[in-house]
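# Reading the structure
Chain by chain, the residues:
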Amino acid sequence: LATMTSGRDVERRALATATAAETIAAAQDVLRDRIEAMVAEAVFGPGQPTVDAYGEAARLDFTAPPAQALRPLPPQRFRLQLARNGELVLYSIDTQTTITDPEAPAVAGWTRQPLLAGVAGLDIAYYGVAPPDGQRRWRSRWYNRPGLPELVRIRLAFPAGDRRVWPDLIIRPAATINSACLIERTTGRCRGAV
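Nothing here was measured: the structure is a model prediction, and the numbers come from that model.

## Some thoughts on the pattern of salt bridges
Charged atoms that come close allow side chains of opposite charge to pair. Counting across every chain of the model gives eleven salt bridges. One salt bridge in this structure joins R136 and E150, with 2.7 Å as the shortest N-O distance. With R136 in strand β9 (residues 135–139) and E150 in the loop between β9 and β10 (151–157), this residue pair connects regions lying 14 residues apart in the sequence. According to the relative accessible area criterion, E150 is partly exposed, its value standing at 28%. Sharing partners across several salt bridges, the network here consists of R59, D61 and R79.

## So, the packing of aromatic side chains
Across all of its chains, the model carries three aromatic pairs by this definition. Aromatic pair F62 and F78: ring centres 5.4 Å apart, planes at 20 degrees, arrangement stacked. With F62 in strand β4 (residues 59–64) and F78 in strand β5 (residues 76–82), the pair connects residues that are 16 residues apart, well separated along the chain. As far as the burial class goes, F62 and F78 line up, both buried. Across from the ring centre of W110, 4.7 Å away, lies the NZ or CZ of R79, which sits over that ring. The positively charged end of R145 is found above the aromatic ring belonging to W142, 5.5 Å away from the centroid.

Conventions used here
- One numbering rule holds for all chains: residues counted from 1, following each sequence as written.
- In keeping with the predicted nature of the model, local features appear solely for residues at pLDDT of at least 70, side-chain atom pairs appear and are counted solely at 80 or more, and the whole-chain, interface and lining totals rest on all residues.
- The side-chain quantities take in all heavy atoms of the structure and omit both hydrogens and water.
- Within this document, salt bridges are pairs made up of a side-chain nitrogen of Lys or Arg and a carboxyl oxygen of Asp or Glu, the two lying within 4 Å of each other.
- A run of H or I in DSSP becomes a helix once it reaches four residues, and a run of E becomes a strand once it reaches two; helices and strands are each numbered from the N terminus.
- In this scheme, a residue with accessible area under 20% of its type's maximum is buried, one over 50% is exposed, and one in between is partly exposed, where area comes from a 1.4 Å probe on protein chains only.
- Working definition: rings of Phe, Tyr and Trp (its six-membered ring) pair if their centres are within 6.5 Å, and the pair is stacked with planes under 30 degrees apart, edge-to-face with planes over 60 apart, and tilted otherwise.
- By definition, being over a ring means that NZ of Lys or CZ of Arg is both within 6 Å of the ring centre and within 35 degrees of the ring normal.

Have a look at this one:
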């Protein structure tokens with residue numbers, strides 16, 4: 001009897017571990033799909049043009065086409081952040097038909113896609129060249145830049161005793177442009193880009 005009870009416990013733990021691994025893999029697939037498709041839309045204002053992407057350690061805002069199932073909808077504004085209840089959530093909003101301000105910190109009016117529950121911490125980093133040092137390295141912020149980051153790294157922390165493992169998710173946006181690029185007519189290459 002003790003052997004059977006012990007066997008059932010092992011089976012339950014194995015099933016829970018497999019389910020947790022599948023949930024983490026599914027969340028990483030969704031993030032990889034959206035961030036790889038990130039669109040480098042130029043924003044023109046005072047000073048040099050920048051791309052419409054806002055990144056800090058606890059939040060990433062970007063524009064990308066909707067998931068394949070929702071096409072042919074127009075590009076969506078996405079926001080990845082940790083909700084107060086410990087859910088990792090990818091929010092989205094259609095900026096062409098919605099009146100909500102996509103830059104506002106509140107997410108009222110946004111569509112919620114919970115990716116993972118029971119998360120204790122989120123740390124997003126951005127790899128690329130940026131002022132003031134002009135060096136290619138990992139950074140905790142990415143905004144008001146002439147191009148998208150070369151790489152985005154997403155790390156999650158779980159509460160003590162939680163056995164789930166989130167391998168570092170490193171994603172390369174497919175479209176990286178330099179919006180400050182001035183095309184030289186004779187060569188067709190960038191001239192004077194930062």
